[in-house]
Amino acid sequence: MFAPGLNEVIIGKLILNRYPGCSLGADLKVGRRVWKVVGVFESGGSSFESEVWGDLHSLQEDSRRGSSYNSIRLKLVPGADVHSLIQRCADDPRINLQAKTESEYYKEQSGIAANLRALGLLVAGIMAFAAILLQ
């Protein structure tokens, strides 16, 4: 496990040796710092195995994000009512949080990616058509 405040990270099993610097003991340049890879973790084959994890405060400082968070992940105990938690987050005026299940989150992300792909294909088609006309 990484030690807080020491520019250390752990990497997911899926990116181990896949990219330059993604191996145990390597120095990984991310942001404004060089991070030492001190561990490799597994997460049952989930998408987390393609991530790099480090000390929250060091990462916030490096990315100049202050004390804000982009996202958080909660793991609930078996049998917990996830929809009640989502509704409670939505109803609490003290926090600005949009809660959703992991499957809903990834479904939304894939929809955004599909829209970007369609836009890219449209632009490519227009450029191809224009190139044919201008010959």
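Just above sits the structure.
Keep in mind the model is a prediction, meaning the values are calculated, not measured. (Residues numbered from 1 in each chain as written. Predicted model: local features only at pLDDT ≥ 70, side-chain atom pairs only at ≥ 80, totals over all residues. Heavy atoms only, no water.)

Enquirer: For this particular structure, what's the right way to read helix α1 (residues 56-63)?
Expert: Side chains that are three or four residues apart share a direction in an α-helix, a result of its 3.6 residues per turn. Taken together, the buried positions of α1 are Ser-58, Gln-60 and Asp-62. Directly after α1, the chain includes Arg-64, whose backbone phi takes a positive value near 55 degrees. (Buried < 20%, exposed > 50% of the residue type's maximum accessible area, 1.4 Å probe, protein only. Helix = DSSP H or I, 4+ residues; strand = E, 2+ residues; numbered from the N terminus.)

Enquirer: Looking at this structure, how should I read the pairing of strand β2 (residues 27-30)?
Expert: The two faces of the sheet receive side chains in turn, since in a regular strand these alternate between them. Bridge count for β2 against strand β3 (residues 33-41) is 4 bridges, and the pairing is antiparallel. Residue pairing in the sheet places Lys-29 in a bridge with Val-34 of β3. As consecutive antiparallel partners, β2 and β3 are separated by 2 residues, and within that stretch Gly-31 has a phi angle of approximately 70 degrees, a positive value. (Pairing = 2+ DSSP bridges.)

Enquirer: Help me understand unusual backbone geometry in this model?
Expert: Phi is mostly negative for residues that are not glycine, and the peptide bonds are mostly trans. Phi at Asn-7 is positive, roughly 55 degrees, even though this residue is not glycine. Mapped onto the elements of the fold, Asn-7 is located in the segment before β1 (8-12).

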